[in-house]
Amino acid sequence: MFTFPKIEKISRDATLIHFFLMFGYKLFSFYFPLYLVAKSFSIYQVGYTSFLIYLPIALFAPVVGFLNHRINPAILTAVGILGYAVYSLGMIMFQNMTTFYFFQILLGISASLFFVSSRAILMGSKLENPDRAFAWFYSAPSYADAIAPAVGALLIWKFNFLGVFILSLILQFFNAIFCFLSLRKKTGQLTEKIKIQEVSRNYSRVLEKIKYKNTLPYILVSFFVLILAGFNNTFFVLFLKNLDWSQNQILIFNSVLSLAFLPFSLWAIKRVARFKSEINICQGSQITGIFAFVLGSLASVLNFYSTSLIMLGSYLGGLMTFSGRSGLMTTKLKEYPEESAAVDTVFSPLATAVGALAGGLIIGPFGYPLIFILSGIFIFFSGTLAKRFAKNENLS
């Protein structure tokens, strides 16, 4: 008989807050590249826009890590959510490109506040199984994907983008209140008055531990998977458009894919709870590599069903990899939850920024299929080497 994977209260609250944040954001983010192209943005400008969002997340993460020592991380998480609300307001009001790019940077800083502080809450809590807790947390965007784009499409059809930005603003405002009320009392013990010199020493210790041979190979593998994920986040809808898919087909595809992924994500959460973080990273990256290779190889004959199956596999591999990475850092760096949360946060947006910017530069000369094929081969063999290393360390 099927049973839902166990979820601890702190993980449940963090996952719910992540879900509502992503629901509000994904009302419009799925269509944003198409929106930009319709506004005469070039492929490079689309990539540059994503770059301006994700790079500030990475750059600002160490600062947020320090702030988490002195301010309750629940408050910082709530402030980050409010930043998403301000971004939606900015997208309604902006008048020129300078203002537009300013709000992309503001969104990145807000995301840094949210993700570093959320990870600090989870890493600083006494989790029964860190991989399982982060698998729940990282699955939240998939649950939002199952509903938000359909709601967003209806609002865009009825009210243009003004409708989705207004609804997103309202949702983020109430989500910030929910975050503050549900997490503030549970996270007060994580705050300590620490000097910046001590934080600097903590970051040095964290980076030193990451360089150990039982940590660095797995972090690098997950980073490679994240670069491909960053490329997909920015350009996958344009890839589908390049295959002559209509906007309605893309909408239906995304909703069906996300709904289909729900049972897979529940299985993945139970699965990652049974294995060590290193194995989850290695196997997740291998799965991601295989499906990226298949996607590129079959690009000329893809249809709705084959693309759905391929992306289901890719999502599954990504969830396993990212849960394993955060679980690994939680276990290896449990003495420094704020700093490890900041460093863990740096990897994701930095890789996404690289994937977005590089994609804008290489799609023209290489084309989507070759990028998927080469990425798949590289990621698969990286995961294979790391898995062999894991076996030598008697982790299987």
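Definitions and cut-offs
One numbering rule holds for all chains: residues counted from 1, following each sequence as written. Residue-level local features of this predicted model are given only where pLDDT is at least 70; pairs of side-chain atoms are given and counted only at 80 or more, and the full residue set underlies all totals for whole chains, interfaces and linings. Heavy atoms from the whole structure form the basis of all side-chain values; hydrogens and water molecules are not counted. Labels follow the DSSP assignment, with helices taken as runs of H or I lasting at least four residues and strands as runs of E lasting at least two, numbered in each case from the N terminus. Categorising residues by exposure relies on relative accessible area from a 1.4 Å probe, with only protein chains included: less than 20% of the type maximum marks a residue as buried, more than 50% marks it as exposed, and the intermediate range marks it as partly exposed. Should any heavy atoms of two residues lie within 4.5 Å, those residues are considered in contact. All accessible areas in this document rest on Shrake-Rupley with a 1.4 Å probe, and a residue is counted as covered only by the protein chains that are shown. Axis angles are defined between N-to-C directions and span 0 to 180 degrees, where every axis is a line fitted to C-alpha atoms and, for a helix, only to the segment in contact. Angular relationships are summarised with four words: roughly parallel below 35 degrees, roughly antiparallel beyond 145, roughly perpendicular across 65 to 115, and oblique for the angles in between. Crossing handedness is defined as follows: a turn of the near helix away from the far one that is anticlockwise and smaller than a right angle gives a left-handed crossing, while the clockwise case is right-handed. Charged means Asp, Glu, Lys or Arg here, nonpolar means Ala, Val, Leu, Ile, Met, Phe, Trp, Tyr, Cys or Pro, and polar covers whatever is left, Gly included. Side-chain atoms within 4.5 Å link the members of a nonpolar core, which is a set of buried Ala, Val, Leu, Ile, Met, Phe, Trp, Tyr and Cys residues. We define a salt bridge as a contact between a side-chain nitrogen of Lys or Arg and a carboxyl oxygen of Asp or Glu at a distance within 4 Å. Here is the rule: rings of Phe, Tyr and Trp (six-membered ring for Trp) pair when centre to centre is within 6.5 Å. Planes less than 30 degrees apart are stacked, more than 60 are edge-to-face, and the remainder are tilted. Both a distance and an angle decide whether a charge sits over a ring: NZ of Lys or CZ of Arg must be within 6 Å of the ring centre and within 35 degrees of the ring normal. Think of pLDDT as the predictor's per-residue confidence, scored from 0 to 100.

Asker: An account of the overall build of the chain is needed here, citing residue identities and associated values.
Answerer: Scanning the chain from N- to C-terminus turns up 15 helices and zero strands. Overall, the C-alpha framework of the chain stretches about 50 × 50 × 45 Å when taken along its three principal axes. Across the 396 residues of the chain, 58% fall into the buried class. In the chain, once contacts between residues fewer than 6 apart in sequence are set aside, the share between residues at least 24 apart is 89%. Of the roughly 16800 Å² of accessible surface on the chain, 68% is carried by carbon and sulfur atoms.

Asker: So what about the packing of helix H1 (residues 9–29) against helix H4 (residues 73–93)? Which residues, and what values?
Answerer: Packing of H1 against H4 brings their axes to within 11 Å, and their N-to-C directions diverge by 10°. As far as their axial angle goes, H4 and H1 are roughly parallel. Considering the relative orientation of H1 and H4, their crossing is left-handed. On H4, the residues that touch Ile17, Leu21, Met22, Tyr25 and Phe28 of H1 are Ile81, Tyr84, Tyr87 and Ser88. Looking at the contact of H1 with H4, its residues break down into eight nonpolar, one polar and no charged.

Asker: Explain the nonpolar core to me, using residue names and the numbers behind them.
Answerer: If you look at the biggest cluster of nonpolar residues, it comprises 121 residues, and the most contacted ones within it are Phe32 and Phe239. Among the elements that line this core, the one with the most residues is helix H10 (residues 216–242), at 14 residues. When near neighbours in sequence (up to four residues on either side) are disregarded, Phe32 contacts Thr49, Tyr87, Met91, Phe100, Gln104 and Phe165.

Asker: Can you explain the pattern of salt bridges? Please cite residues and give values.
Answerer: With the rule as written, the count across this model stands at two salt bridges. Taking the shortest distance from any N to any O, the salt bridge between Asp13 and Lys9 comes out at 3.7 Å. Taken together, the residues Asp13 and Lys9, both in helix H1 and four residues apart, mark about one turn of the helix. The partner of Arg12 in a salt bridge is Asp13, and the shortest N-O contact between them spans 3.1 Å. One network of salt bridges, with partners in common, ties together Lys9, Arg12 and Asp13.

Asker: Run through the environment of Phe60, naming residues and quoting values.
Answerer: Position of Phe60 among the secondary structure elements: in helix H3 (residues 43–70). Exposure remark for Phe60: the relative accessible area of 26% places this residue in the partly exposed category. With 30 residues separating them along the chain, Phe60 and Phe30 place their C-alpha atoms 25 Å apart. Setting aside residues up to four positions removed in sequence, Phe60 forms contacts with Ile109, Ser112 and Leu113.

Asker: I'd like a rundown of unusual backbone geometry, residues and numbers included.
Answerer: It is generally the case that most residues other than glycine have a negative phi and that most peptide bonds are trans. Look at Asn160: it is not a glycine, yet its phi comes out positive at around 65°. Along the chain, the position of Asn160 falls in the loop between helix H7 (148–159) and helix H8 (161–187). With phi around 70°, Asp244 is a residue other than glycine that occupies positive phi space. Secondary-structure assignment places Asp244 in the loop between H10 and helix H11 (247–272).

Asker: Can you explain the packing of aromatic side chains? Please cite residues and give values.
Answerer: Tallying each qualifying case throughout the model produces 33 aromatic pairs. Taken together, a centroid distance of 5.4 Å and an interplanar angle of 75° make the contact between Phe102 and Phe103 edge-to-face. What makes Phe102 partly exposed here is its relative accessible area of 49%. On the accessibility criterion, Phe103 (14% relative accessible area) is buried. With 5.4 Å between their ring centres and 80° between their planes, Phe173 and Phe174 make a pair best called edge-to-face. Accessibility expressed as a relative area gives 41% for Phe173, which makes it partly exposed. The ring of Phe275 is capped by Arg271, whose NZ or CZ atom sits 4.2 Å from the centre of that ring.

Asker: Please give an account of the confidence of the model for the chain that cites residues and values.
Answerer: Mean pLDDT over the chain: 84, with 94% of residues reaching 70 or higher. Least confident of the elements in the chain is helix H9 (residues 196–210), whose mean pLDDT is 74; most confident is H4, at 93.

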